[in-house]
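# Descriptive analysis of the structure
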Amino acid sequence: FAARTGAKLVKTGLPLGLAGTAAWLSAVKAAAGLGAELPPAVLEAQRGAAREMAPLLELLAHRNVLFAGDPYLFSAFSAFARELRLRVRAAFLDSFARPLGTARLPEVFFFAPESEEALKALKILPKYSRPELAVGNSFAATEGYSAGLPFMEFGFPSYGYHALADEPFFGFAGARCLAGRLLNSFKAGPYQ
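The structure displayed is predicted, hence computed values, not measured ones.

Here we take up the packing of aromatic side chains. If you walk through the whole model with that rule in mind, you get nine aromatic pairs. Judged by centre distance (5.2 Å) and plane angle (85°), the ring pair of Phe109 and Phe111 falls under edge-to-face. Taken together, the aromatic side chains of Phe67, Phe74, Phe77, Phe109, Phe111, Phe154, Phe169 and Phe170 make up a single cluster linked through ring pairs.

See the structure below:
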């Protein structure tokens, strides 16, 4: 589309989490010829979101997560998980193998695995590395990737989770919402 219209194509990551959002805004600002430095109001919004999420950090620190879903969300979610001091120990991506834009891969990592293969790989993880929460799209639940863990539906498709009020997951406001959803999901119990 950019080639046909003459529009400038800007390649960015997703604006997920504090650092991901700041990087996205910097990239868009630079592409518009405005320099990459973010204005004070944006930096204050980032600091405000960080202050609001700070009480959750001790509750989330060093907990293990399984991600199952879209490869495009994987890298962004993994970076945000590190901001929250979570550890993504396993990932099952529902696509053919492709570049992911990250050098960090979890201990258990598969593109489009069979359910039995995925669950077997989880079982051989050392106890301290086993996931305590599954985060993924609807297919993660229907294909059995959630492995009986507490489950937070995230990504597309999403057949079981719907927000009736604004509940973003992108941007600084989205980081706050997503951090809260993650904490609540850890406390919710196994997916039924």
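Having seen the structure, we can now continue with the description.
Glancing now at the environment of Tyr72. Residue placement: Tyr72 occurs in helix α4 (residues 71–83). Under the relative-accessibility criterion, Tyr72 is labelled exposed at 57%. C-alpha separation for the pair Tyr72 and Ala3, spaced 69 residues apart in sequence, amounts to 23 Å. Every residue in contact with Tyr72, bar those within four places of it in the chain, is listed here: Leu14 and Arg98.

Before going further, it helps to examine the side chain of Ser185. The residue Ser185 is located in helix α7 (residues 171–188) in this model. In this structure Ser185 touches Leu133, Pro150, Phe151 and Met152, once residues within four positions along its chain are discounted.

What follows concerns the pairing of strand β4 (residues 133–136). Regular strands place their side chains on alternate faces of the sheet. Side-chain alternation along β4 places Leu133 and Val135 on one buried face and Ala134 and Gly136 on a second face that is also buried. Here strand β1 (residues 64–69) runs beside β4; their pairing, made up of four bridges, is parallel. From the neighbouring strand, Ala68 faces β4, where its bridge partner is Gly136. Direction of pairing for β4 relative to strand β5 (residues 151–153): parallel, over a ladder of three bridges. Bridge pairing links Val135 to Met152 in β5.

Conventions adopted
Residues numbered from 1 in each chain as written. Predicted model: local features only at pLDDT ≥ 70, side-chain atom pairs only at ≥ 80, totals over all residues. Heavy atoms only, no water. Phe/Tyr/Trp six-rings, centres within 6.5 Å; stacked < 30°, edge-to-face > 60°. Helix = DSSP H or I, 4+ residues; strand = E, 2+ residues; numbered from the N terminus. Buried < 20%, exposed > 50% of the residue type's maximum accessible area, 1.4 Å probe, protein only. Contact = heavy atoms within 4.5 Å. Pairing = 2+ DSSP bridges.

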